[in-house]
Amino acid sequence: LYLLSLEAAVDSRSERRIYTEGWSHRGHDWTPDGRALVASLQKKGGPLRSLYLVPLDGSPPRQLASASISAIQPAVARQGTRIAWASSIQDMNLW
C-alpha cells in the first residue's frame, strides 16, 4: 500500500510505501484525524486477516483485535469510535 499526495501527484517520487512487504492487504479506511489507516492485513503465510492500525508516520502496524475470523473491508465511523468490517469465511467442509 502506497501513499501519494494529490498536490504532488505529477511527481511520482513523492509516493511512499506505508508499510513493509510481507503483508497481504484486503481493504482499508482513513481514521478521522487522517494520521493513520485501519487496514485488513495478513502476514504472508498467516492463517487469518485481522484489522490493524497503520500509522502514516512509518511506525509498524498495530493489531486492533484478535483474529478469530478473517476481517476484510474495514470502515471507520466519522467519530473514530467504531469500526465495521466484513468477514471472509471459507468453509471447505461442505459435505
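Right above here is the structure, for reference.
These figures come from a predicted structure and were not determined experimentally. (Residues numbered from 1 in each chain as written. Predicted model: local features only at pLDDT ≥ 70, side-chain atom pairs only at ≥ 80, totals over all residues. Heavy atoms only, no water.)

A look at the overall build of the chain
Here is step 1: Helix and strand content of the chain: 0 helices and 8 strands.
Here is step 2: The N-to-C order of helical and strand elements in the chain reads β-β-β-β-β-β-β-β.
Here is step 3: Nonlocal contacts in the chain, meaning residues at least 24 apart in sequence, comprise 25% of its contacts between residues at least 6 apart.
Here is step 4: Accessible area of the chain: about 6900 Å², with a carbon and sulfur share of 51%. (Helix = DSSP H or I, 4+ residues; strand = E, 2+ residues; numbered from the N terminus. Contact = heavy atoms within 4.5 Å. Areas by Shrake-Rupley, 256 points an atom, 1.4 Å probe, with all protein chains shown as cover.)

Some thoughts on a nonpolar patch on the surface
Here is step 1: On the surface, L64, I69, I83 and W85 cluster together to form a nonpolar patch covering roughly 330 Å² of accessible area.
Here is step 2: Position of I83 among the secondary structure elements: in strand β8 (residues 83-87). (Patch = residues over 30% accessible without salt bridge, like charges linked within 9 Å, V, L, I, M, F, W, Y side chains within 5 Å. Salt bridge = Lys/Arg side-chain N within 4 Å of Asp/Glu carboxyl O.)

Examining the sheet that holds strand β3 (residues 23-30)
Here is step 1: Pairing is antiparallel in the open sheet, where 4 strands are placed in the order β3-β4-β5-β6. Only two strands of the sheet have a single partner each, and these edge strands are β3 and β6 (62-63).
Here is step 2: Alignment of β3 against strand β4 (residues 36-43), held across 6 bridges, turns out to be antiparallel. Looking across to β4, one finds that S24 is bridged to Q42. (Pairing = 2+ DSSP bridges.)

Any link to function would need more than the numbers given here.
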